[in-house]
Amino acid sequence: MATSPSAPIDLAQLHSFHVALAQSTRVLSLLGAGLSASSGLPTFRGAGGLWRTHDATSLATPEAFEANPGLVWQFYSYRRHMALQAQPNAAHYALAELARRMPGFLTLSQNVDGLSQRANHPPAQLQLLHGTLFAVRCMDRELCRYGPEPNFVDPIVPALAIPTSGADPTANTTRHSAATTDHNHQPAQDLDISNISVPLDSLSPSDLPTCPKCTHALLRPNVVWFGESLPWTVLETVDTYIAQPPPIDLILVLGTSAKVFPAAGYIAEARAKGARVCVVNTDVNDAPPGGWQEGDWFFRGDAAVLVPMLLE
Ligand code: BV8
């Protein structure tokens with residue numbers, strides 16, 4: 001590891017990274033929630049993390065959706081709203097700029113927030129490993145197969161609007177009527193999802209987004225839930241990139257705890273193809289799987305500040 005975790009950025013290490021980047025033609029980046037933290041989007045495992053109050057697997061699995069579509073849709077509606085309110089930060093733009101100037105650069109994003117896309121990251125150089133909040137598809141994958149279709153409507157259906165903070169979200173009002181008659185309601189925002197005890201009996205399936213094609217099945221967010229395979233086209237694209245010569249020069253690991261697989265596994269795969277690893281993270285303890293190795297760079301701090309410095 002090249003930079004002590006507590007030191008301010010080491011200019012010698014920054015220079016050595018710049019030299020390596022200037023000599024590189026094939027660079028991967030692996031993006032995590034920390035990249036969007038400065039855009040105001042909470043990470044999953046950090047303080048106040050979205051999943052601190054709800055374990056990931058209690059909200060992001062097909063079984064959770066099957067058991068409680070109202071809560072799971074509330075979680076996603078809340079995140080859709082937050083992401084739409086957020087703006088890409090300087091790191092998103094710096095990565096998009098690197099893609100434009102380096103044809104051999106490929107971004108692997110674990111983020112579903114749409115901020116890389118809104119920073120005009122060239123789409124051919126952006127692989128969305130875990131899908132996006134802003135597309136929906138029909139749950140009926142046998143007969144219907146509607147979608148994925150882009151969808152930026154917020155809230156996606158009126159019943160998913162969350163009461164303004166003045167109102168008592170726990171009031172036993174049936175949300176359905178409240179959402180249609182009480183003009184104080186506004187889309188899900190600020191409130192921490194874990195503080196909302198939704199009278200779920202009022203979120204009947206008919207209140208939730210339903211498929212416009214088959215009209216009977218629910219729509220779901222086009223994200224990859226735990227226990228689901230990453231999209232085969234994405235897997236194939238990434239595997240092809242990693243397998244093809246010449247070797248990979250660098251992998252930038254930006255704002256990720258690197259705990260979710262197979263995404264985190266790409267770090268070791270890139271290393272095996274000769275890549276040096278550059279980590280940007282606020283926490284030195286979130287080392288790449290397998291730990292730090294000789295030649296790694298570690299730049300501690302906010303990705304929104306450090307990534308533009310690294311890629312300038
Ligand atoms: C699958 C979409 C098989 C939904 C997400 C080994 C191999 C394969 C699978 C597994 C395996 N071991 C375990 C598994 C199962 C599982 C898994 O990995 N579990 C984990 C919990 C151990 N994996 C799966 O289920 C995957 N599917 O394997 O399928 C299969 C094959 C064929 C057929 C059928 C099935 C699917 C995983 C995808 C899950 N979906 N997202 C949604 O978002 O709601 S994952 C979700 O969590 C995110 O997308 C992201 O990937 C992950 C969160 O990670 P991070 O982005 O890193 O965020 P986190 O908060 O953890 O960390 C933030 C970091 O930023 C921290 O380090 C922090 O210090 C830092 N930071 C904070 N602020 C800043 C900062 N850094 C810089 N600047 C700052 N300002």
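Structural notes, computed from the coordinates. (Residues numbered from 1 in each chain as written. Predicted model: local features only at pLDDT ≥ 70, side-chain atom pairs only at ≥ 80, totals over all residues. Heavy atoms only, no water.)

1. Description of the site of the ligand
Inference 1: The environment of the ligand is formed by 34 residues, the closest being Arg45, Arg79, Thr256, Ser257 and Asp286.
Inference 2: Gly227 is positioned with one of its backbone polar atoms (N or O) 2.7 Å from an oxygen atom of the ligand.
Inference 3: Backbone polar atom of Gly255 to an oxygen atom of the ligand: 3.2 Å apart, as the coordinates give it.
Inference 4: Residues of the shell around the ligand, tallied by class, amount to 14 nonpolar, 13 polar and seven charged. (Near = heavy atom within 4 Å. Polar contact = N/O pair within 3.5 Å; in protein donor to acceptor, adjacent residues only side chain to side chain. Nonpolar A, V, L, I, M, F, W, Y, C, P; charged D, E, K, R; others polar.)

2. Side note on helix H5 (residues 69-85)
Inference 1: Over its 17 residues, H5 extends 24 Å from the first C-alpha to the last, a length consistent with the 24 Å expected when each residue adds 1.5 Å.
Inference 2: Along H5, 15 of the 17 residues are buried, which leaves the element largely enclosed by surrounding structure. (Helix = DSSP H or I, 4+ residues; strand = E, 2+ residues; numbered from the N terminus. Expected span 1.5 Å × (residues − 1). Buried < 20%, exposed > 50% of the residue type's maximum accessible area, 1.4 Å probe, protein only.)

3. Topic: the sheet that holds strand S5 (residues 149-150)
Inference 1: Taken together, three strands build an open sheet; the order of strands is S5-S4-S6 and the sheet is antiparallel. Single-partner strands in this sheet number two, and they are S5 and strand S6 (219-223).
Inference 2: Here two bridges tie strand S4 (residues 131-138) to S5, and the two strands are oriented antiparallel to one another. Looking at S5, one finds that Val136 is bridged to Glu149.
Inference 3: Taken strand by strand, H5 contacts S4 and S6, and its axis lies near 135 degrees from that of S4. (Pairing = 2+ DSSP bridges. Contact = heavy atoms within 4.5 Å. Axes fitted to C-alpha atoms, helices over the stretch in contact; angles between N-to-C directions.)

4. A short note on the pattern of salt bridges
Inference 1: A full pass over the atoms with the stated rule returns four salt bridges.
Inference 2: We note a salt bridge from Arg100 to Glu97, for which the minimum N-O separation is 3.5 Å. Separated by three residues within a single helix, Arg100 and Glu97 lie in helix H6 (residues 90-101), roughly one turn from each other.
Inference 3: For Arg220, the salt bridge identified is with Glu228, shortest N-O distance 2.6 Å.
Inference 4: We classify Arg220 as buried; its relative accessible area is 3%.
Inference 5: Overall, the relative accessible area of 21% leaves Glu228 in the partly exposed class. (Salt bridge = Lys/Arg side-chain N within 4 Å of Asp/Glu carboxyl O.)

5. Digging into the pairing of strand S8 (residues 276-281)
Inference 1: Taken across its six residues, S8 has five buried, putting it largely inside the fold.
Inference 2: Note: strand S7 (residues 250-254) against S8, five bridges, orientation parallel. Opposite Leu252, over in S8, you have Cys278 as the bridge partner.
Inference 3: What joins S7 to S8 is helix H10 (residues 265-272), and the crossover it makes is right-handed. (Right-handed = clockwise from strand over helix to strand, strands pointing away.)

6. Comments concerning the environment of Leu98
Inference 1: With respect to the secondary-structure elements, Leu98 resides in helix H6.
Inference 2: When its relative accessible area of 1% is taken as the criterion, Leu98 is described as buried.
Inference 3: Along the sequence, Leu98 and His18 sit 80 residues apart, while their C-alpha atoms lie 13 Å from each other.
Inference 4: Those residues in contact with Leu98, other than ones at most four positions away along the chain, are Phe105 and Leu311.

7. Things to note about the side chain of Asp113
Inference 1: Locating Asp113 in the fold gives a position in the loop between strand S2 (105-109) and helix H7 (115-118).
Inference 2: Despite its burial, Asp113 remains without a salt bridge, the nearest opposite charge being carried by Arg118 at 7.4 Å.
Inference 3: Engagement of the side chain of Asp113 in a polar contact is seen with the side chain of Ser36, the distance being 2.6 Å.
Inference 4: One polar contact links the side chain of Asp113 to the main-chain amide nitrogen of Leu115, over a distance of 2.9 Å.
Inference 5: Every residue in contact with Asp113, bar those within four places of it in the chain, is listed here: Ser36, Leu41, Ala83, Leu133 and Phe134. (Lys, Arg positive; Asp, Glu negative; His and termini not counted.)

8. Things to note about helix H1 (residues 11-22)
Inference 1: Taking 1.5 Å of rise per residue, the twelve residues of H1 would be expected to cover 16 Å, and the 16 Å separating its terminal C-alpha atoms lies within 8% of that figure.
Inference 2: Among all positions in H1, only Gln13, Leu14, Phe17, Ala20 and Leu21 are buried. All buried residues of H1 lie within an arc of 125 degrees about the axis, which places them on one face of the element. Seen from the buried face of H1, the exposed residues on the opposite side, beyond 90 degrees, are Leu11, Ala12, His15 and Ala22.
Inference 3: Buried-residue contacts for H1 involve strand S1 (27-31), H6, S7, S8, strand S9 (297-300) and helix H11 (303-311). (Arc of directions from axis to C-beta.)

9. Some remarks on the nonpolar core
Inference 1: Among the nonpolar cores identified, the biggest contains 32 residues, and Val72, Trp73, Tyr76, Leu133, Cys138 and Trp225 are the most heavily contacted of them.
Inference 2: If you list the elements that add at least two residues to this core, you get helix H4 (62-67), H5, S4 and S6.
Inference 3: The element contributing the most residues to this core is H5, with eight residues.
Inference 4: Trp73 has contacts with Phe65, Arg80, Val136, Ile156, Leu160, Leu208, Pro209, Leu219, Arg220 and Pro221, leaving out every residue within four places of it along the chain. (Core = buried A, V, L, I, M, F, W, Y, C linked by side-chain atoms within 4.5 Å.)

10. A short note on the pairing of S2
Inference 1: Of all five residues making up S2, five are buried, and the element is well covered by its neighbours.
Inference 2: The two faces of S2 match: Phe105, Thr107 and Ser109 on one face and Leu106 and Leu108 on the other face are all buried.
Inference 3: Across five bridges, the pairing between S1 and S2 is parallel. Opposite Leu28, over in S2, you have Leu106 as the bridge partner.
Inference 4: Bridge count for S2 against strand S3 (residues 126-128) is three bridges, and the pairing is parallel. Looking at S3, one finds that Ser109 is bridged to Leu128.

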